[in-house]
Amino acid sequence: MKKAIPYFVALTALVSLSFTQPNFNNNKQIHVVIDAGHGGSDFGASSILYKEKQIVAAISQKIKALNQNQDVIIHFTREEDEFLSLTDRAKMISEIKPDLVLSLHVNQSANIAKSGMEFYVSNTSKDNDATHTIAQALQEKFKKDNAISATEIKKAPFFILKKSAAPAVLIELGYLSNTADRAMLTDEKQQEKIASTILSFVSELK
Ligand SMILES: [Zn+2]
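Residues numbered from 1 in each chain as written. Predicted model: local features only at pLDDT ≥ 70, side-chain atom pairs only at ≥ 80, totals over all residues. Heavy atoms only, no water.

Turning next to the coordination of the zinc ion. For the zinc ion, the full set of protein donor atoms is H38 (NE2), E52 (OE) and H105 (ND1), and the range of their distances to it is 2.0 to 2.1 Å. Read N to C, the donor residues that coordinate the zinc ion are spaced as H-x13-E-x52-H. On the criterion of sequence distance, the pair formed by H38 in the loop between β1 (30-36) and α2 (52-66) and H105 in strand β3 (residues 100-107) is long-range, its members being 67 residues apart. Given the relative accessible area of 18%, H38 is considered buried. By relative accessible area, H105 is classed as buried at 13%. (Donors = N, O, S within 2.8 Å, 3.2 Å for Na, K, Ca; no water. Helix = DSSP H or I, 4+ residues; strand = E, 2+ residues; numbered from the N terminus. Buried < 20%, exposed > 50% of the residue type's maximum accessible area, 1.4 Å probe, protein only.)

Set out below in structure tokens:
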């Protein structure tokens, strides 16, 4: 038995080491939470005709409808137009224990010239950690596939990002206050394109 102990210790070290980085390269299923921002009495960004809560819900539903991959399991924090606190969302996410969290939002600025997609990671994440790597890869994917420019990765102390044990990226899909971005974000075909870009991204992670 004496000899077995070092083996056991070595094995434990190896196993714990292999779990320090998420491993998406096996053939198992990947579980992804799509967190559509806002809902119910919380409209998020809004223009005369459009509301952020509706745009992100529409894109979430398109992700659901387009997903044909049985190994990509998509979970939603909300599928109805309902108010959910950030604490509720964080609790749901921690119960699901996903491999990845993508929180969908739409931006707004008093500067109507401001446009483009922005990717947020937690301010507690490091420049070379899994979250940052995923945000960069997602940005590259959107640069290739999408009509709205995907320029920036930013760090912010957002609650959902900080509370998530899994890599989490918040995507501001574009500016509702910008005419060109608004036209894209509210166009059904463009919403479908955003949904299929996200879906193809998570399928490739698996
Ligand atoms: Zn928002």
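On we go.
Within the local environment of H38, its side chain forms a polar contact with the side chain of E52, the two groups lying 3.1 Å apart. Reaching out from H38, the side chain makes a polar contact with the side chain of H105 at a distance of 3.2 Å. Setting aside residues up to four positions removed in sequence, H38 forms contacts with F43, G44, E52, K53, R78, E82, R89 and H105. (Polar contact = N/O pair within 3.5 Å; in protein donor to acceptor, adjacent residues only side chain to side chain. Contact = heavy atoms within 4.5 Å.)

Here the structure, examined in full by the defined rule, presents two aromatic pairs. Ring plane angle 55° and centroid distance 5.1 Å describe the contact between Y120 and F158, whose orientation is recorded as tilted. Taken together, the positions of Y120 in strand β4 (residues 117-122) and F158 in the loop between β5 (150-156) and α5 (159-163) put the pair 38 residues apart, joining distant regions of the chain. When the ring centre of F43 is taken as reference, the NZ or CZ atom of K51 above it lies at 5.0 Å. (Phe/Tyr/Trp six-rings, centres within 6.5 Å; stacked < 30°, edge-to-face > 60°. Lys NZ or Arg CZ within 6 Å of the ring centre and 35° of its normal.)

With respect to the secondary-structure elements, A90 resides in helix α3 (residues 86-96). Here the alpha-carbon distance between A90 and S164, two residues 74 residues apart in the chain, equals 6.9 Å. In contact with A90, other than residues within four places in its own chain, are F159, I160 and K163.

You can see S60 is positioned in helix α2. Relative accessible area serves as the criterion here: at 1%, S60 is assigned to the buried category. The residues contacting S60, other than those within four sequence positions of it, are I34, A36, F76 and L104.

Taken by themselves, the reported measurements are silent on function.
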